[in-house]
Amino acid sequence: NMIRSMSSRASDRDLNLVTVIADTRFEFPGADFYGEISDNGLGMGREFGQRLEKIYRYLLQLLALPLTPHGSHGLIEKQIHEICGRF
């Protein structure tokens, strides 16, 4: 439901998203991933898949702020402060 809500509001400018990266080994997807999403929409069809692909591309192009869940209290507090500053 969240993805459907996002896809219907993807063109709205009042939707504010903040991305964080908690896994330094995360590998951003390539063209094959986006083609798969576009073609079958995670099993929900091509029409939904094309909207979903746009959402994924948008989310993954935003600069993700670091979040170190196993870091010190001070580090996590500083990172959370930076993340909240984006809202």
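Scroll up to find the structure this text is about.
Residues numbered from 1 in each chain as written. Predicted model: local features only at pLDDT ≥ 70, side-chain atom pairs only at ≥ 80, totals over all residues. Heavy atoms only, no water.

Further remarks concern the overall build of the protein chain. Scanning the protein chain from N- to C-terminus turns up 4 helices and 2 strands. Written out in order from the N terminus, the α and β elements of the protein chain read α-β-α-α-β-α. The proportion of buried residues among the 87 residues of the protein chain is 17%. Sequence-distant contacts, at least 24 apart, represent 52% of the contacts inside the protein chain between residues at least 6 apart. Accessible area of the protein chain: about 6,700 Å², with a carbon and sulfur share of 55%. (Helix = DSSP H or I, 4+ residues; strand = E, 2+ residues; numbered from the N terminus. Buried < 20%, exposed > 50% of the residue type's maximum accessible area, 1.4 Å probe, protein only. Contact = heavy atoms within 4.5 Å. Areas by Shrake-Rupley, 256 points an atom, 1.4 Å probe, with all protein chains shown as cover.)

The next thing to look at is the pattern of salt bridges. Taken as a whole and assessed by the stated rule, the structure comprises 4 salt bridges. As a salt-bridge pair, Asp-39 and Arg-46 come within 2.8 Å of each other at their nearest N and O atoms. For Glu-53, the salt bridge identified is with Arg-57, shortest N-O distance 3.0 Å. Here Arg-57 and Glu-53 lie together in helix 3 (residues 46-61), a separation of 4 residues that amounts to about one turn. (Salt bridge = Lys/Arg side-chain N within 4 Å of Asp/Glu carboxyl O.)

As a further point, take the packing of aromatic side chains. Enumeration according to the criterion identifies 3 aromatic pairs in this entry. Geometrically, the ring pair formed by Phe-33 and Tyr-34 is edge-to-face, given 5.4 Å between the ring centres and 75 degrees between the ring planes. Pairwise contacts between aromatic rings join Phe-33, Tyr-34 and Tyr-56 into one cluster. When the ring centre of Tyr-34 is taken as reference, the NZ or CZ atom of Arg-57 above it lies at 3.9 Å. (Phe/Tyr/Trp six-rings, centres within 6.5 Å; stacked < 30°, edge-to-face > 60°. Lys NZ or Arg CZ within 6 Å of the ring centre and 35° of its normal.)

Attention now goes to the packing of helix 2 (residues 31-40) against helix 3. Interhelical geometry of helix 2 versus helix 3 gives an angle of 145 degrees and a closest axis separation of 5 Å. Within the contact between the two elements, helix 2 uses Phe-33, Tyr-34, Ile-37, Ser-38 and Asp-39 and helix 3 uses Arg-46, Gly-49, Gln-50, Leu-52, Glu-53, Tyr-56, Arg-57 and Leu-60. Among the residues making up the contact of helix 2 with helix 3, the classes are represented as 6 nonpolar, 3 polar and 4 charged. (Axes fitted to C-alpha atoms, helices over the stretch in contact; angles between N-to-C directions. Nonpolar A, V, L, I, M, F, W, Y, C, P; charged D, E, K, R; others polar.)

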